[in-house]
Each structure stands twice: as C-alpha cells, then as structure tokens.
Amino acid sequence: MLNEGRDVARHCAVWGSPIGHSLSPVLHRAAYAALGLHDWSYDRREVDEAGFAAALAGLDATWAGLSLTMPLKEVAFRAATRVTTVAAVTGAANTLVRDPDGSPGWIAHNTDVHGITMALRVAGCTDPSSVLVVGSGATARAAIAAVSAPGGRVVFMVRDRVRSETLAQAREAGLAVEVVHLGEWATAADVDAVVSTVPPASVPGLGSFPEVWEGTRRPVVLDVVYGSGETALQRAARGRGWAVAAGTDMLLHQATEQVRLMTGRPAPLAEMSHALRLALRDRREDP
C-alpha cells in the first residue's frame, strides 16, 4: 500500500487550468493532518492539455497521486496505464494514483461519480431513476454513471448537440434518452434530479423553472460549481420548492475517495468537512 513506510515523503497535487480557485488542497491537507501523514504534501499546479504529458512525465516515484479538474479529465484518462471500471464507463479520470505493485504507470479513477451520488443522497435523493443533466462533457458522464439504472431516463439539456461519447454511455447503460435545448425547463417537472455541469452564466430561462407542489415528491438540484455563493439555478430551484444539493458536498465526497485511494487509509470525513466549512467562510469574508 502507498501508506507503508510513512517516513518517506509523498507528494500529491491538483492540476487544471484555471486552478487558483481549487479547494482541494484544503481538503487533502486536512486529511493528512488527521491521519498523521506529516511527510505528505498536496499542492495545486496550473497545467493545461498541451502541457499535461510533459508535466506527468516529470514526476518521480515520490508522487502518489493527482487530482484532475478541467480541462484534464479526458487527457488524464488516456495517459493511464490501467483504468477502473467506473473510469472506463465515463471515459474520464479526475484521479490518477500510482500502481501499488510498484509499476511505473498510473491507475485512472473517477471519484466524481461517488461525489455526485453522495451529494444527491445528502439532499434526500437516493437512487434516482430519472435525471436532467445540463451539459454533456466529462462531468455530465459522471452524473450519468451516478444515477444510471436499466430502465431509467436521462434528459440532456445542451446548446447544440450531445457529445457522441456521452450519448453512447447513456444508451449502453440502458437509459431512455431525451434531448432539449438550454432553457427548456418543462421536462424538469418530472425528473428526480437536475445536475448542472456548466458555468452558472450558461444556464438560461430560469424564469420557467418548474415549481414543486406541496405534498408531492421533492426533487433535487445539484449545481457542481462551488465557491461563489448561491448560483442563479440554485436560487430558482429553492424558490420553487426543490431541494438543493451543494456543489461543495460533491467536492467533499469525491475528495474523500481520492484520499482513500492515494493513501490507502480511510478518509477522515469530519475533519475534511470542518476544514472545508472554514475555507468557505474565509472566502466569503475576503473582500
């Protein structure tokens, strides 16, 4: 396991572009402190698609794992020497972990699926059978994997067309597929959850967001962005009776899986959650 010989320094980081906003270091450093992994470090690094291969090749054997955010999830998947079943289904990796058998390559994981599943569950949506996904990129595929079940249904809300690999994933999972244009919210009236994977400013037509009537089931909205306060989608949903899942809940739970995979130790959820709350408070108070 990677945590054997804990006197040996280990390095991890989050890569992406842009990356300055990432709260992943807060979560992982809190985990290392709680686990007593004092020789472990976790940083952030600005890396784009063009520079990814060279950056990865430059890492020595002390590097235990990487968290990947946009736009690196697909290029990281292609760079891995082994992929997990979940990563293979989504065709994307938000996590690369050194092979514990000592091989020089990397194993691709997708912990976004766990993060989305848990964020929806915390908000009261367990085992949804229908979901509306805004967008069709790598995070949208994680949303499909988090909710897919044979006989279920996914509605894609996109500007132009659904990416072919995302459409193929939904159909291979046995889901009924519908496609609507951005801002056509009528279809959201009969889904269990809405998961938005696009920038908040890209979500139009919220004046027609459907209302949940008293005494009926309460569906959930998850906007995966975080750190800038409540989004327009979240405000519209809350005002019309929907439950709202925080994007930070997705961030927290995908990070707990990353910690487990990178260190070989169970993640300290309480300590990580506390550190995240403090970081969000400080960010809100920072003028």
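A quick note: this is a predicted structure, and the numbers were derived from the prediction, not measured.

Trainee: Sorry if this is basic, but what is going on with the sheet that holds strand S5 (residues 95-98) here?
Mentor: Hydrogen bonding along the main chain pairs the strands of a sheet, whether they run parallel or antiparallel. Read across the open sheet, the six strands follow the order S2-S1-S3-S5-S6-S4; overall the sheet is mixed. The open sheet is flanked by strand S2 (40-46) and strand S4 (82-83), the only strands paired with a single partner. Bridging between strand S3 (residues 63-68) and S5 involves three bridges; their strand directions are antiparallel. In the strand pairing of S5, Leu66 is matched with Leu96. The strands touched by helix H2 (residues 49-57) are strand S1 (10-16), S2, S3, S5 and strand S6 (106-109); relative to S1, the strand with the most contacts, the crossing angle is about 175°.

Trainee: Is there a simple way to explain the layout of surface pockets in this structure?
Mentor: To find leftover empty space, one rolls a probe the size of a water molecule over the atoms. In this model, the largest pocket occupies a volume close to 1000 Å³. Taken together, 44 residues make up the lining of the largest pocket; nearest its centre are Thr69, Met70, Thr139, Thr197 and Val224. At the level of secondary structure, the elements contributing two or more residues to the lining of the largest pocket comprise S3, helix H3 (73-79), helix H6 (138-147), strand S8 (153-158) and helix H9 (247-263). Here the lining of the largest pocket takes five residues from H9, the largest share from any one element. In terms of residue class, the lining of the largest pocket is made up of 17 nonpolar, 20 polar and seven charged.

Trainee: Would you take a moment to explain the side chain of Asp99 for this structure?
Mentor: Residue placement: Asp99 occurs in the loop between S5 and S6. What makes Asp99 buried here is its relative accessible area of 8%. Within the structure, Asp99 has its side chain in polar contact with the side chain of Arg82 (distance 2.7 Å). In this structure, Asp99 is in contact with Arg82, Gly105 and Ile107, ignoring residues within four places of it in sequence.

Trainee: Looking at this structure, I do not really get the pattern of salt bridges. What am I missing?
Mentor: Any two side chains of opposite charge can pair, on the condition that their charged atoms come close. Throughout the structure, instances matching the rule amount to 13 salt bridges. Where Glu178 meets Arg153, a salt bridge forms, and the shortest distance between an N and an O atom there is 2.6 Å. Of this pair, Glu178 sits in strand S9 (residues 176-181) while Arg153 sits in strand S8, and the two are 25 residues apart along the sequence. Residue class for Glu178 comes out partly exposed when judged on its relative accessible area of 32%. Salt bridges sharing common partners tie together Glu74, Arg141, Arg163 and Glu165.

Trainee: Got a minute to help me understand the packing of aromatic side chains in this structure?
Mentor: Here the distance between the centres and the angle between the planes together describe a pair of aromatic rings. Tallied over the full model, the rule gives four aromatic pairs. Lying across the ring of Trp15, Arg45 places its NZ or CZ 5.2 Å from the centre.

Trainee: Sorry, what's going on with the confidence of the model for the protein here?
Mentor: When pLDDT is low, close inspection of the predicted coordinates is not appropriate. Of the residues in the protein, 95% reach a pLDDT of 70 or more, and the chain-wide mean stands at 92. Predicted confidence for residues 1-6 stays below pLDDT 50, and this span has 16 contacts to residues more than four positions away or in other chains.

Trainee: Whenever I open this one, the side chain of Arg98 confuses me. Can you help?
Mentor: Secondary-structure assignment places Arg98 in strand S5. Buried Arg98, no salt bridge; nearest opposite-charge side chain is Asp60, N-O distance 5.8 Å. A distance of 2.9 Å separates a polar atom in the side chain of Arg98 from the backbone oxygen of Trp63.

Trainee: Could you clarify how one ought to interpret the sheet that holds S9 in this entry?
Mentor: The sheet built from six strands is open, its strands ordered S9-S8-S7-S10-S11-S12 with parallel pairing. In the strand order of this sheet, the two ends are held by S9 and strand S12 (243-245), each with one partner. Along the sheet, successive strands turn relative to each other by an average axial angle of 20°, direction set aside. In this sheet, S12 lies alongside strand S11 (residues 220-223) in parallel orientation, the contact comprising three bridges. From the neighbouring strand, Val221 faces S12, where its bridge partner is Val244. Sheet strands touched by helix H7 (residues 164-172): S8 and S9. Its angle to S8, the strand with the most contacts, is close to 165°.

Trainee: Even after reading the chapter, I still don't get the packing of helix H5 (residues 112-122) against H9, so can you show me in this structure?
Mentor: For any two helices packed against each other, one specifies the crossing angle of their axes together with the interaxial distance. Axis separation between H5 and H9 bottoms out at 7 Å; the angle between their running directions is 135°. With respect to H9, the axis of H5 lies oblique. Between H5 and H9 lies a crossing of right-handed hand. Contact with H5, carried on its side by Asp112, His114, Gly115, Ile116, Met118, Ala119 and Val122, involves Asp249, Met250, His253, Gln254, Thr256 and Glu257 of H9 and no other residues of that element. Tallied by class, the residues present in the contact of H5 with H9 amount to five nonpolar, five polar and three charged.

Conventions adopted
- Residues numbered from 1 in each chain as written.
- Predicted model: local features only at pLDDT ≥ 70, side-chain atom pairs only at ≥ 80, totals over all residues.
- Heavy atoms only, no water.
- Pairing = 2+ DSSP bridges.
- Helix = DSSP H or I, 4+ residues; strand = E, 2+ residues; numbered from the N terminus.
- Contact = heavy atoms within 4.5 Å.
- Axes fitted to C-alpha atoms, helices over the stretch in contact; angles between N-to-C directions.
- 1 Å grid on protein atoms, 1.4 Å probe; cavity = no way out; pocket = protein on both sides within 12 Å on 5 of 7 lines; lining within 4 Å.
- Points joined across faces, edges and corners; volume = space filled by probe spheres on them.
- Nonpolar A, V, L, I, M, F, W, Y, C, P; charged D, E, K, R; others polar.
- Buried < 20%, exposed > 50% of the residue type's maximum accessible area, 1.4 Å probe, protein only.
- Polar contact = N/O pair within 3.5 Å; in protein donor to acceptor, adjacent residues only side chain to side chain.
- Salt bridge = Lys/Arg side-chain N within 4 Å of Asp/Glu carboxyl O.
- Phe/Tyr/Trp six-rings, centres within 6.5 Å; stacked < 30°, edge-to-face > 60°.
- Lys NZ or Arg CZ within 6 Å of the ring centre and 35° of its normal.
- pLDDT = per-residue confidence, 0-100.
- Lys, Arg positive; Asp, Glu negative; His and termini not counted.
- Parallel < 35°, antiparallel > 145°, perpendicular 65-115°, else oblique.
- Left-handed = near helix turned anticlockwise from the far one by under 90°.

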